[in-house]
Amino acid sequence: MKREEIAERVIKVTARELNKSPEDIKENDRFSYELGADSLKSIELVAAFEEEFDLDLDEDEALKIQTVGSAIDFFAELLPE
Amino acid sequence: MEKYRALTAHEIDILTKNGCSADNWENLQVVENFDPSRVFFSQFSGKIFLGSFSGFMEIDGIERPCGIYHSRLHHCTIDEDVLIDRMGSAILNYHIEKDVLIENTFLLSAEKGAQFGNGVKVSILNEAGGRDVTLFNDLNAQIAYFQASFRHDSEFQQKLNSLIGKNIESQVHSHGIVESGARIRNCGTIKNVLIGVNAILEGAVKLENGTIVSCPEHPSYVGVSVVAENFIVSEGAHIDAGVTMENVFVGQATQLGNQFSAENALFFANCEGFNSEVNSIFAGPYSVTHHKSTLLIASLFSFYNAGSGSNQSNHMYKLGPVHQGIFERGCKTGSFSYVLLESHVPAFSTVIGKHLTNIDAPLLPFSYITEEKGDSRLMPAINLFSIGTVRDEAKWPARDRRKAKQKRDFIIFDVFSPYSVEKMRQGKAMLLKLYEETPREKSSIVYGGVQISRLLLRKGAKYYGFAIDRYLIGKIINKIEKAIETKASWKTIREQLVCNSASEDINKWLDLSGLLALKERIEKLMQDVKDDKTQTIGEFLEQIKIIYESFASDEWTYIYRAFAEDYGFMPDKMTPEDFMILVKRWEKAANSLNALILDDASKEFGDFSHIGFGLGFGENERRADFKAVRGESQTNAVVQKLRAEKEEIQRRAEGVMQTLESMV
């Protein structure tokens, strides 16, 4: 999958789950700081990514995803073009 | 029985010169070596038996001679080396055993036929009655649970009441007793109270119709400004600082203080109640409430922690205060949380916020129940990786303060047990079913009165799966590791995994306020009572003890059957290859949970945790201030333990895998 498509889907899911406008979400935004996801919301967000990309993530891998950009990179690596 | 004799004329003369009087000196009987010089300014009436007063007692660092001073006694037996001084009114109808101190106390009196708190009915859960528990000295958490629950079986309840009634009859005395070594100082009115061995009463205002069970290993303490009516206090309890209580049982090593008030309440081992108010509660072992503004009402708890301002409603202004709450073991309620009763909060769950719905989700343990814009939301399985849950598992057994020889409540401390794991197995299946049935367009579903995010249905099932795998496979690994130590062959290892139990309903477990037990064992016990095979409360307690001691073997039977159901192999029939696959599964589950717990613990050291540190200084000082107060993630004992656990998981998995490979 192309990085642009992954980025679009990551931002779409993030916006939906965190009640944000997609245009307000930047790649260097941290989920827990700039985007205000508390630890409980973060779990839902990971679940939403899993469903979006039809994946079952390892928990320790998922915990490493801290920013929107790192999420995009993470899924780009898992879902090569 | 002491041999008593009449006073001699010389002794009467000395007593009279000492300012003493009696309505009839002939009614005073004394032991052979009675010393009248130890009795001053006291009045005697009715039948009086006095022991010898030759010893001394050290009080506040001053050695004082035993004897009777400035007191009025009516119908009393006073054993040797007792010190009674300055009774405001009198001691009436009491047997004071040896080495007892009673001073500066207003009244100590007992009426003939008093039951000393035995037989008092305590209305718990339903404030209006219906689940009354009868107090008696040998009450424990399990007998109280039997009384309060299982009301569907009226024959059992009738027979159990009969056993309790017989026990209570044996506690009826013609007089009160202060047992040896007790200390009663600066108290007000004490009426119809049995005071146990070495008990300490200091400054209590009013105690009426109760028993203070105490022992040398763990004396009970009733302190300043305590007012108590209709109560039984167990060994090692500590009640102090303005506690007010009525119709209450206080279990072993329970601590109550700081103006705590309790009405119709049962507290079992190691509970703590400070500042708060409770009414009609069944506080199983380790129930804790420390804060003002907390009202716990009409609910069942155990291993519970109430945040400040925790509150429940049991009165909907319709048919009265009849609604009940079940908070299964290990629950927490956050600050200013509110739960509408009836509710059934799942085990090891945390309630945050105000809930105006009736929560009913027993199959979803380890959950967070939060409030969002007035809606109640449940996040299943999230507490599995709360660092708080991990700490709880370690702290409960470590904080067992009970020192009495006989620990009355039977407690299985395990957080992960057939009880909780079976709920997770059923919860997992239910969540997956709900996930399959819920269209993707729906963001959440309603289950048990609460909303659950659709996405968390699958996630919760996954987390439950980890915990189930870690428990079931982990327990098998434990056994295999032990066998490996003896260089056993695979055949021998498999023999260690045999299960011969004939139990049928191995998936049905009950939590009897601390005691986890197979339901079929409880039903058998109840049947024995109904069939009159159990004749006394002592025998009933022995049967409960047998169930407690059967936990390990029943747990193994559960593991064996659940393992076969979940993984498709009987543990004792599987091959090394079969088990190698499961070891990998266990490693993943254990590592995943460990990573999630570690992440939760690490948040305690994250940037948000630094808020308010280094006030008025820069970033460096802020971090240094935090480090000085809270330490660092790298050196924190809990975090280090979790990191070590991660290494241990890998070491164990590799060790077992190597052995299994050699057996292929």
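Owing to the predicted nature of the structure, the values given are computational and were not obtained by experimental measurement.

(A) Region of the structure containing the overall build of chain A. The helix and strand tally for chain A stands at four helices and zero strands. Reading the helices (α) and strands (β) of chain A from amino to carboxyl end gives α-α-α-α. Relative to the globule expectation of 12 Å for 81 residues, the C-alpha radius of gyration of chain A, 11 Å, shows essentially globular dimensions. Sorting the 81 residues of chain A into buried and exposed places 49% on the buried side. Counted over contacts in chain A with a minimum sequence separation of 6, partners at least 24 positions apart contribute 64%. Within chain A, the 23 negative side-chain charges are centred at a point lying 5 Å from the centre of the 10 positive side-chain charges.

(B) Geometry of the environment of Gly514(B). Residue and element names in this part refer to chain B. The topology assignment puts Gly514 in the loop between β43 (509-512) and β44 (515-518). When the C-alpha atoms of Gly514 and Gln142 are compared, they prove to be 7.8 Å apart, with 372 residues separating the residues in sequence. When residues no more than four places from it in sequence are discounted, the contact partners of Gly514 are Gln142, Phe303, Arg329, Phe410, Ile411 and Ile412.

(C) Structural context of the packing of helix α8 (residues 519-530) of chain B against helix α9 (residues 537-549) of chain B. Residue and element names in this part refer to chain B. Running from N to C, α8 and α9 point in directions that differ by 165 degrees, and their axes come no closer than 11 Å. Between α8 and α9, the angle falls in the class roughly antiparallel. In terms of crossing hand, the pair formed by α8 and α9 is right-handed. Counting all contacts with α8, which are made through Arg521, Ile522, Leu525 and Val529, the residues of α9 involved are Phe540, Gln543, Ile544 and Ile547. Residues belonging to the contact of α8 with α9 are distributed by class as follows: six nonpolar, one polar and one charged.

(D) Expanded view of the domain arrangement of chain B. Along its sequence, chain B is carved into domain 1 (1-107), domain 2 (418-443 + 452-573) and domain 3 (576-661). Using only C-alpha atoms to locate each centre, domain 1 of chain B and domain 3 of chain B end up separated by 66 Å.

(E) Highlighting the state of the cysteines. Residue and element names in this part refer to chain B. Enumeration according to the criterion identifies zero disulfides over all chains in this entry. This cysteine, Cys331, is not joined by any disulfide, and Cys271 carries the nearest cysteine sulfur, 14 Å off. According to the relative accessible area criterion, Cys331 is buried, its value standing at 0%.

(F) Up close: helix α11 (residues 576-602) of chain B. Taking 1.5 Å of rise per residue, 27 residues should cover 39 Å, and α11(B) covers 38 Å from first to last C-alpha, within 8% of that figure. With 19 of 27 residues buried, α11(B) is to be regarded as a mostly interior element.

(G) Geometry of the pattern of salt bridges. Counting across every chain of the model gives 61 salt bridges over all chains. One salt bridge in this structure joins Arg9(A) and Glu52(A), with 2.8 Å as the shortest N-O distance. Of this pair, Arg9(A) sits in helix α1 (residues 3-18) while Glu52(A) sits in helix α2 (residues 39-53), and the two are 43 residues apart along the sequence. For the pair Arg9(A) and Glu52(A), one class covers both residues: buried. Its salt-bridge partner being Lys627(B), residue Glu632(B) comes within 3.9 Å of it at the nearest N-O pair.

(H) The interface of chain A and chain B, seen in detail. Counting residues at the interface gives 20 residues for chain A and 24 residues for chain B. Carbon and sulfur atoms supply 55% of the area buried between chain A and chain B, which totals about 1,900 Å² over both sides. There are eight salt bridges connecting chain A and chain B. Among the ionic pairs, Arg440(B) bridges to Glu51(A), the shortest N-O distance being 3.6 Å. At the junction of chain A with chain B, the criterion picks out 10 residue pairs in polar contact (both at pLDDT 80 or more). Only α2 and α3 (59-62) of chain A provide two or more residues apiece to the side of chain A that touches chain B. Of the residues that constitute the side of chain A that touches chain B, the class distribution is nine nonpolar, two polar and nine charged.

(I) Quick peek at the environment of Phe579(B). Summarising the element assignment, Phe579(B) is placed in helix α11. Judged by relative accessible area, which is 0%, Phe579(B) ranks as buried.

(J) The arrangement of the nonpolar core in detail. Core analysis: the biggest nonpolar cluster contains 215 residues, and Phe146(B), Ile195(B), Leu207(B), Met245(B), Phe267(B), Leu384(B) and Phe579(B) have the highest contact counts within it. If one sorts the elements of this core by residue count, helix α6 (residues 454-485) of chain B sits on top with 15 residues.

(K) Examining α8(B) more closely. All names here are of chain B. Between the first and last C-alpha of α8 there are 17 Å, a value that for 12 residues agrees with the 16 Å anticipated at 1.5 Å per step. Taken residue by residue, α8 has Ile522, Leu525, Met526, Asp528, Val529 and Lys530 as its buried positions. Buried residues belonging to α8 abut α2 (141-148), α3 (154-169), β43, β44 and α9. Remark: Asp532 follows α8 within two positions and exhibits a positive phi of approximately 60 degrees.

(L) Examining the packing of α2(A) against α6(B) more closely. Relative orientation of the contacting elements α2(A) and α6(B) amounts to 95 degrees, with a least axis distance of 9 Å. One way to sum up the angle between α2(A) and α6(B) is to call them roughly perpendicular. From α2(A), Ile43(A), Glu44(A), Val46(A), Ala47(A), Ala48(A), Glu50(A) and Glu51(A) reach across to α6(B), where they touch Arg454(B), Leu455(B), Leu456(B), Arg458(B), Lys459(B), Lys462(B) and Tyr463(B). Across the contact of α2(A) with α6(B), the residue classes tally to seven nonpolar, no polar and seven charged.

(M) Summary view of the side chain of Ser234(B). Position of Ser234(B) among the secondary structure elements: in the loop between β21 (227-233) and β22 (238-239). Ser234(B) gets classed as buried once you look at its relative accessible area, which sits at 1%.

Procedures and definitions
All chains use their own residue numbering, which begins from 1 and follows the written sequence. Labels follow written order: the first chain is A, the first ligand is 1, and so on. Local features in a predicted model are, by the rule used here, given only for residues with pLDDT of at least 70; side-chain atom pairs are given and counted only at 80 or more, and totals for whole chains, interfaces and linings are based on all residues. Note that water and hydrogens are dropped before the side-chain values are worked out from all heavy atoms of the structure. In this description a helix means any DSSP run of H or I spanning at least four residues, a strand means any run of E spanning at least two, and both kinds are numbered starting from the N terminus. C-alpha atoms define the radius of gyration, and 2.2 Å times the number of residues to the power 0.38 defines the globule rule. A simple rule labels every residue: compare its accessible area, found with a 1.4 Å probe on the protein chains alone, to the largest value its type can have, and call it buried under 20%, exposed over 50%, or partly exposed in between. Residue contacts follow a heavy-atom distance rule, with two residues in contact if any of their heavy atoms lie within 4.5 Å. Positive charges are assigned to Lys and Arg, negative charges to Asp and Glu, while His and the chain termini are left out of the count. Where a charge lies is defined by one atom per residue type, namely NZ (Lys), CZ (Arg), CG (Asp) and CD (Glu). To get an axis, a line is fitted to the C-alpha atoms, and for a helix only the part in contact is used. The angle between two axes follows their N-to-C directions and goes from 0 to 180 degrees. Throughout this description, any angle smaller than 35 degrees is read as roughly parallel, any larger than 145 degrees as roughly antiparallel, any in the 65 to 115 degree range as roughly perpendicular, and the remainder as oblique. Less than a right angle of anticlockwise turn of the near helix away from the far helix marks a crossing as left-handed, whereas a clockwise turn marks it as right-handed. For this scheme, ten residues count as nonpolar: Ala, Val, Leu, Ile, Met, Phe, Trp, Tyr, Cys and Pro. Four count as charged, namely Asp, Glu, Lys and Arg, and the remainder, Gly too, count as polar. Either an automatic procedure or a domain database provided the assignment from which the domain bounds are taken. Disulfide assignment relies on a single distance test, namely cysteine sulfur atoms paired within 2.5 Å. Helix span is expected to be 1.5 Å times the residue number reduced by one. We define a salt bridge as a side-chain nitrogen of Lys or Arg found within 4 Å of a carboxyl oxygen belonging to Asp or Glu. A simple way to read buried area is as the amount of 1.4 Å-probe accessible surface that goes missing from two parts once joined, with both sides added. Any pair of nitrogen or oxygen atoms within 3.5 Å is treated as a polar contact; in protein, a donor-acceptor pairing is required on top of that, and neighbouring residues in sequence qualify only through side-chain atoms on both sides. Here, the term nonpolar core denotes a set of buried Ala, Val, Leu, Ile, Met, Phe, Trp, Tyr and Cys residues that are joined through side-chain atoms within 4.5 Å.

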